Amino acid sequence: QVQLVESGGGLVQPGGSLRLSCAASGSIYSINAMGWYRQAPGNQRELVARITSDGSTDYADSVKGRFAISRDNAGNTVYLQMNSLKPEDTSVYYCNAFITIWTWTGRQTRDYWGQGTQVTVSS
């Protein structure tokens, strides 16, 4: 079983910063990629940033230059440093991980999702 535990959300004023964390745990063989998505009320879930096991990154155009994604040395925790936050960044942010697990019958690879953490940017 894989668990993705998110933290770091909260209320911040425009121009402020937040750092989101997501820790993966369980019977993990490898984590191929981790990323952050967000979904505001009435909107579809969209990719914010992702990072692969080799360190390559991808960002939504709306956050380029403001957000930075990174992983710890073990590769089981992903961070999203959010700077110069704007009201339009307000959303529920979801951690995503593409993970290979081991089972008695072999390895399985699939996407896993965290429960989401609220980020609110407001004066």
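Scope of this entry: the structure provided in the associated data block.

Calculation criteria
- Residues numbered from 1 in each chain as written.
- Predicted model: local features only at pLDDT ≥ 70, side-chain atom pairs only at ≥ 80, totals over all residues.
- Heavy atoms only, no water.
- Salt bridge = Lys/Arg side-chain N within 4 Å of Asp/Glu carboxyl O.
- Helix = DSSP H or I, 4+ residues; strand = E, 2+ residues; numbered from the N terminus.
- Buried < 20%, exposed > 50% of the residue type's maximum accessible area, 1.4 Å probe, protein only.
- Contact = heavy atoms within 4.5 Å.

**What to know about the pattern of salt bridges**
As a working rule, side chains carrying opposite charge can pair if their charged atoms are close by.
Alright, step 1. Applying the stated criterion across every chain yields a total of five salt bridges.
Alright, step 2. Among the ionic pairs, Asp89 bridges to Arg38, the shortest N-O distance being 3.0 Å. Residue Asp89 is found in the loop between strand 8 (77-82) and strand 9 (91-103), and its partner Arg38 is found in strand 4 (residues 28-39); the two are separated by 51 residues along the sequence. When sorted by exposure, Asp89 lands in the same class as Arg38, which is buried.
Alright, step 3. Ionic pairing is found between Arg50 and Asp58, a salt bridge with its closest N-O pair at 3.5 Å.
Alright, step 4. Arg50 sits in the partly exposed class, given a relative accessible area of 41%.

**A short note on the environment of Leu80**
Alright, step 1. Of note, Leu80 is situated in strand 8.
Alright, step 2. Of the residues examined, Leu80 reaches a relative accessible area of 0% and is grouped as buried.
Alright, step 3. In this structure the C-alpha to C-alpha distance between Leu80 and Ser7, which are 73 residues apart in sequence, comes to 10 Å.
Alright, step 4. Excluding residues that lie within four positions of it along the chain, Leu80 makes contacts with Leu18, Arg19, Leu20, Trp36, Val48, Ala49, Phe67, Ala68, Ile69 and Tyr93.

**Describing unusual backbone geometry**
Alright, step 1. Positive phi outside glycine occurs at Ser84, with the angle close to 50°.
Alright, step 2. Secondary-structure assignment places Ser84 in the loop between strand 8 and strand 9.
Alright, step 3. The class for Ser84 is partly exposed, based on a relative accessible area of 40%.

Geometric descriptors of this kind do not, in isolation, establish any biological role.
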